[in-house]
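Chain by chain, the residues run as shown.
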Amino acid sequence: MSSKNNNIAETHGCIVCAKVFSILAVYSPDGKLLDCAVTSPGGQIVPDKSQPLVACDSHTAEKIEDAYNRWQARKARASTMKEEKH
Ligand SMILES: [Zn+2]
């Protein structure tokens with residue numbers, strides 16, 4: 001079993017306006033997100049424990065927080081729906 005971390009290039013949409021950015025994410029061998037950085041100009045990482053999230057530098061902190069809260073609510077709803085299915 002490899003103990004090396006995996007560097008993975010991903011693309012993610014801005015959580016506010018869905019503009020696409022390139023991201024370099026670092027995962028541990030067991031798939032945990034360790035670190036991530038935006039490799040396209042004009043974007044920034046929105047801190048999240050489980051996956052890389054990105055937003056344009058041009059959005060205000062309030063707007064990004066707002067979108068982040070909406071994103072979390074959407075995710076919570078999606079996982080609830082999945083649980084109800086089985
Ligand atoms: Zn944006």
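Residues numbered from 1 in each chain as written. Predicted model: local features only at pLDDT ≥ 70, side-chain atom pairs only at ≥ 80, totals over all residues.

A. Quick peek at the overall build of the protein. A tally of helices and strands in the protein yields 1 helix and 5 strands. In the protein, the succession of α and β elements from N to C terminus is β-β-β-β-β-α. Within the protein, the fraction of its 86 residues that count as buried is 17%. (Helix = DSSP H or I, 4+ residues; strand = E, 2+ residues; numbered from the N terminus. Buried ≥ 20, exposed ≤ 12 C-beta atoms within 10 Å, placed from the backbone.)

B. Quick peek at the pairing of strand 2 (residues 20–27). Here 8 bridges tie strand 1 (residues 6–13) to strand 2, and the two strands are oriented antiparallel to one another. Looking across to strand 2, one finds that His12 is bridged to Phe21. Connecting the antiparallel pair strand 1 and strand 2 is a turn made up of 6 residues, with Ala18 showing a positive phi of about 70°. Note that strand 2 and strand 3 (residues 33–38) share 5 bridges and pair antiparallel. (Pairing = 2+ DSSP bridges.)

C. Structural detail: the sheet that holds strand 1. Reading across the sheet, the 3 strands line up as 1-2-3 and stay open at both edges, with antiparallel pairing between neighbours. With partners counted over all chains shown, the strands left at the sheet margins are strand 1 and strand 3, one partner each. Going from strand to strand, the sheet's axes swing by 30° on average, the running direction of each strand aside. (Axes fitted to C-alpha atoms, helices over the stretch in contact; angles between N-to-C directions.)

D. Main features of the nonpolar core. Core analysis: the largest hydrophobic core is formed by 12 residues, namely Cys14, Ile15, Val16, Phe21, Ile23, Cys36, Val38, Val46, Leu53, Val54, Ala55 and Ile64. Per-element accounting of this core gives the leading share, 3 residues, to strand 5 (residues 53–56). (Core = buried A, V, L, I, M, F, W, Y, C linked by C-beta atoms within 7 Å.)

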